[in-house]
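Descriptive analysis of the structure
Next come the chains, spelled out residue by residue.
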Amino acid sequence: MELNLKLVKGKYAFSFILLTGILLGLLIISLGIGALEITPLEILKIFANHLGIFETPVDNTMELVIFNIRLPRLIFTMLIGASLGLSGATLQGLFKNPLVEPGIIGISSGAALGAILVIMVLERFFPEILGIARQWFIPVFAFLGGIIATIMTLKISQFEGKTKVTYLILAGVAMTSLASAIIGIAIFYADDAQLRTFTFWTLGDLSVATWDKLAILFPITSLSVIVLIILAKPLNAIALGEAEAFHSGVAVEKVKFVAIVFSALAVSTAVAFSGIIGFVGLVVPHIIRMCFNADHTIVLPASAIGGACLLIFADIFARTLVAPAELPIGVITALIGTPFFIYLLITAKKKRLI
Amino acid sequence: MNKIFILTIFIFSCLSISAQHRIITAGSSSSEIVCALGYCEKIVATDRTSLYPEALQSLPSIGYRSNISAEGIISQNPDLVIFEKEYVKAEVISHLQATGIKTIVVTQERNLEGIQERIEIIASALNKTSEGEAMISEIKKSLKLIQKKVDSTPSKPKVLCVYARGQGNMQVGGKNSAFNLLDISGAVNAVPEIEGYKPLNTESLIKANPDYILFFDSGLKSLGGKAKVLEIPGVMQTTAGKKAQIISMNGILLSNWGPRVAEAAKELFYLTHPEVVE
């Protein structure tokens, strides 16, 4: 029996190494591909030069493209992909519902609403506050919007001190509709330039990555990722049944609360910096569960890595398909994600996995 | 000594000419100004709105507004990039400036001060200051002639401006829309209370009772032509509908406030004042 378990663990360890290998491969490929042609040798030279391994003349423009445009964008994409994949996996596990996605419980649209309120209200009535602070105002308010929408969803869905899943999803649907309605009013009053900023929010955009933004994104995302992965074991216990989990000493309500708040933190930070990017949070955990099993100690970290992989993969297409222009990232994730998801649904149905 | 001096000047002037031989523009008004200053062949890539002169349409497209990326621009190896304000993201401009590519940002204002500023800045970036001044005075001269016609024509028809992209997607343009040209063409906007754009509403259409309904050529085509416009509910209850005064102009010419602004104003004046003989 014990031997058997070790064998199983060994198989997962191999898959983990494989997944990490895919991520590393994608990182290297993505760094080498872009509108500007830079050979792998040139990239090696640029890095060697930068790290002071050996001095060699490199093209100044290429160096700037690598260090100021591609590298920050790559890390940005990886962090956002990981946030979306991990939050999706956490929420699906927590609510034992394969349809739950960060968008469903109101996080994404709350964050988008926060951003749009800045564009519409602050810009119209307090234009003097903005100026340089503008690029920081939008992410901060998006984050506030996401957190507020999530807390309201949670409050509405609490019944006799407990969070019921059905109520939670219905409350999420209600919050999303409310946010959409307010966004609709905002669009009606928007002038041309503001409207275009709005489309940027709803389709997602990774080209806005800079080192300054990473300085904020990195610590928040790392914190959320660590907290959520620590929650894997209590989530496993909850998956077996809340009453059983409670009796085996898991603080069920506390775990739920922490899981939701940190998922909200990760997702609204992602939305704040890159707009709403759909499908990653829904598709990635499904793929991971079908490849591995439903054990959260595996699904959660694997979804983080998988989310990063999917988003980096999608971004390669977004950056190169219509070069020198760019496609919105949300369009690509849906184009790649949907057919794969349908394929998985059909095979899962045949195998009676769902 | 003198020869060396002349030689130095010669080398420097060669350098300054060859230093600006790959231009990228974003914004159709700026593209037209660069072309009008004689640098059309130097444009190596442009944005999706720059459709005139037609040669620009065959160039690589850097995209449209928020999907314009810094690396895409850099990959075309430009040495001068001209943006209209708020047309691209702030990150794109800062990335370009970091690479040392000369990047200038001109105003996007669609009015006379705006076009004057655009021409001045672009002309000075191209070392064509005097040509720029000549262009501005030429425009002013032509606009004065139109102003004279406007002043001597008593009628100030009400024009409803519609931005259409097919049935069910019609926006009315009010103040500060793509239809500002009305202000200098002897006509008035039928819905001055609207700021920017609002969806077309049948009752407001009847209430505004325009004398003319103005479209972009492409917008009128997307609706299926004049006859189809007359079938839009409410149109037949307006003066424009009863007299079948449905007019259209090339969208770029009408809206971009470029070097052809006087030509555009003249066309719009005659479209809305058929009683005046040229």
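Above this text sits the structure in question.
Residues numbered from 1 in each chain as written. Chains lettered and ligands numbered in written order. Predicted model: local features only at pLDDT ≥ 70, side-chain atom pairs only at ≥ 80, totals over all residues. Heavy atoms only, no water.

Of regular secondary structure, chain A possesses 14 helices and two strands. A compact globule built from 354 residues should have a C-alpha radius of gyration of about 20 Å, and chain A, at 21 Å, falls within 12% of that. Taken along the three principal axes of its C-alpha coordinates, chain A extends 65 × 60 × 35 Å. A buried classification covers 49% of the 354 residues belonging to chain A. Carbon together with sulfur atoms contributes 73% to the accessible area of chain A, which is approximately 16,900 Å² in total. In chain A, 23 side chains carry a positive charge and 20 a negative one; their mean positions are 13 Å apart. (Helix = DSSP H or I, 4+ residues; strand = E, 2+ residues; numbered from the N terminus. Rg over C-alpha atoms; globule rule 2.2 N^0.38 Å. Buried < 20%, exposed > 50% of the residue type's maximum accessible area, 1.4 Å probe, protein only. Areas by Shrake-Rupley, 256 points an atom, 1.4 Å probe, with all protein chains shown as cover. Lys, Arg positive; Asp, Glu negative; His and termini not counted. Charge placed at Lys NZ, Arg CZ, Asp CG, Glu CD.)

In this section: the interface of chain A and chain B. Listed as interface residues are 26 residues of chain A and, on the opposing side, 24 residues of chain B. Carbon and sulfur atoms make up 60% of the surface buried where chain A meets chain B, a total of about 2,100 Å² over both sides. Inspection of the chain A/chain B interface yields eight residue pairs in polar contact (both at pLDDT 80 or more). The element that contributes the greatest number of residues to the side of chain A that touches chain B is helix 3 (residues 60–95) of chain A, accounting for six residues. (Contact = heavy atoms within 4.5 Å. Buried area = accessible area lost by both parts, 1.4 Å probe. Polar contact = N/O pair within 3.5 Å; in protein donor to acceptor, adjacent residues only side chain to side chain.)

With that settled, the discussion passes to a negative patch on the surface. Residues and elements named next belong to chain B. Taken together, Glu86, Glu109, Glu113, Glu117, Glu120 and Glu133 make up a surface patch of like negative charges. Tallying contributions element by element places helix 5 (residues 112–125) first for the negative patch, with three residues. Look at Glu113 and you get exposed, because its relative accessible area is 57%. (Patch = residues over 30% accessible without salt bridge, like charges linked within 9 Å, V, L, I, M, F, W, Y side chains within 5 Å. Salt bridge = Lys/Arg side-chain N within 4 Å of Asp/Glu carboxyl O.)

All names here are of chain B. Compared with the 16 Å implied by 1.5 Å per residue over twelve residues, the 14 Å span of helix 2 (residues 28–39) between its first and last C-alpha is markedly short. Helix 2 sits mainly inside the fold: ten of its twelve residues count as buried. Among all positions of helix 2, only Ser28, Ser29, Ser30, Ser31, Glu32, Ile33, Val34, Cys35, Leu37 and Tyr39 are buried. (Expected span 1.5 Å × (residues − 1).)

Turning to the packing of helix 2 of chain B against helix 6 (residues 129–152) of chain B, a few remarks are in order. Residues and elements named next belong to chain B. Between helix 2 and helix 6, the shortest axis-to-axis distance is 10 Å and the interhelical angle comes to 115°. For the crossing formed where helix 2 meets helix 6, the hand is right-handed. Contact with helix 2, carried on its side by Ile33, Ala36 and Leu37, involves Glu131, Gly132 and Met135 of helix 6 and no other residues of that element. Along the lines of polarity and charge, the residues of the contact of helix 2 with helix 6 split into four nonpolar, one polar and one charged. (Axes fitted to C-alpha atoms, helices over the stretch in contact; angles between N-to-C directions. Left-handed = near helix turned anticlockwise from the far one by under 90°. Nonpolar A, V, L, I, M, F, W, Y, C, P; charged D, E, K, R; others polar.)

A separate point is the sheet that holds strand 1 (residues 23–26) of chain B. All names here are of chain B. If you trace the four strands from one edge of the open sheet to the other, you get 2-1-3-4, paired in parallel fashion. Each having just a single partner strand, strand 2 (43–46) and strand 4 (102–106) make up the two edges of the open sheet. Within this sheet the neighbouring strands show an average axis-to-axis angle of 20°, counted without direction. Inspection of the sheet shows strand 1 paired to strand 3 (residues 80–84) by four bridges, in the parallel sense. Pairing of Ile24 across the sheet is with Val81, part of strand 3. (Pairing = 2+ DSSP bridges.)

What follows deals with the pattern of salt bridges. Inspection of every chain in the model, using the stated rule, returns eleven salt bridges over all chains. Across the pair Glu242(A) and Lys256(A) runs a salt bridge, and its minimum N-O distance is 2.9 Å. Separated by 14 residues along the polypeptide, Glu242(A) in helix 10 (residues 242–247) and Lys256(A) in helix 11 (residues 252–274) bring together distant segments of the chain. Where Lys128(B) meets Glu131(B), a salt bridge forms, and the shortest distance between an N and an O atom there is 4.0 Å. A relative accessible area of 37% means that Glu131(B) is categorised as partly exposed.

Secondary-structure assignment places Ser207(A) in the loop between helix 7 (192–203) and helix 8 (211–230). The residues touching Ser207(A), leaving out its near neighbours within four places in the chain, are Arg73(A), Glu326(A) and Lys89(B).

Judged by nonpolar contacts, the single largest core of 103 residues is most densely connected at Phe76(A), Ile80(A), Ile277(A), Ile73(B), Phe83(B) and Leu96(B). A per-element tally of this core places helix 3 of chain A first, with 17 residues. Ignoring sequence-local partners within four residues, the contact set of Ile80(A) consists of Leu206(A), Leu217(A), Ala270(A), Ser274(A), Ile277(A) and Leu311(A). If you look at the next biggest cluster of nonpolar residues, it comprises 49 residues, including Cys35(B), Ile119(B), Ile146(B) and Ala262(B). (Core = buried A, V, L, I, M, F, W, Y, C linked by side-chain atoms within 4.5 Å.)

We now examine the packing of aromatic side chains. All chains considered together, the criterion is met by nine aromatic pairs over all chains. Plain terms: the ring middles of Phe76(A) and Phe273(A) are 6.4 Å apart, the flat faces sit at 90° to each other, and that makes the pair edge-to-face. In this pair, Phe76(A) sits in helix 3 while Phe273(A) sits in helix 11, placing the two residues 197 residues apart along the sequence. Look at Phe76(A) and you get buried, because its relative accessible area is 0%. Ring centres of Phe179(B) and Phe216(B) lie 5.4 Å apart, and the angle between their planes is 45°; this geometry places the pair in the tilted category. Residue Phe179(B) is found in the loop between strand 6 (170–173) and strand 7 (188–189), and its partner Phe216(B) is found in strand 9 (residues 212–216); the two are separated by 37 residues along the sequence. (Phe/Tyr/Trp six-rings, centres within 6.5 Å; stacked < 30°, edge-to-face > 60°.)

Turning our eyes to something else, we now look at the pairing of strand 4 of chain B. All names here are of chain B. Bridge analysis of strand 3 against strand 4 gives five bridges, and the strand direction is parallel. Each bridged residue has a counterpart across the sheet, and for Phe83 the counterpart in strand 4 is Val105. Taking the sense of rotation as the criterion, the β-α-β connection linking strand 3, helix 4 (residues 90–99) and strand 4 turns out right-handed. (Right-handed = clockwise from strand over helix to strand, strands pointing away.)

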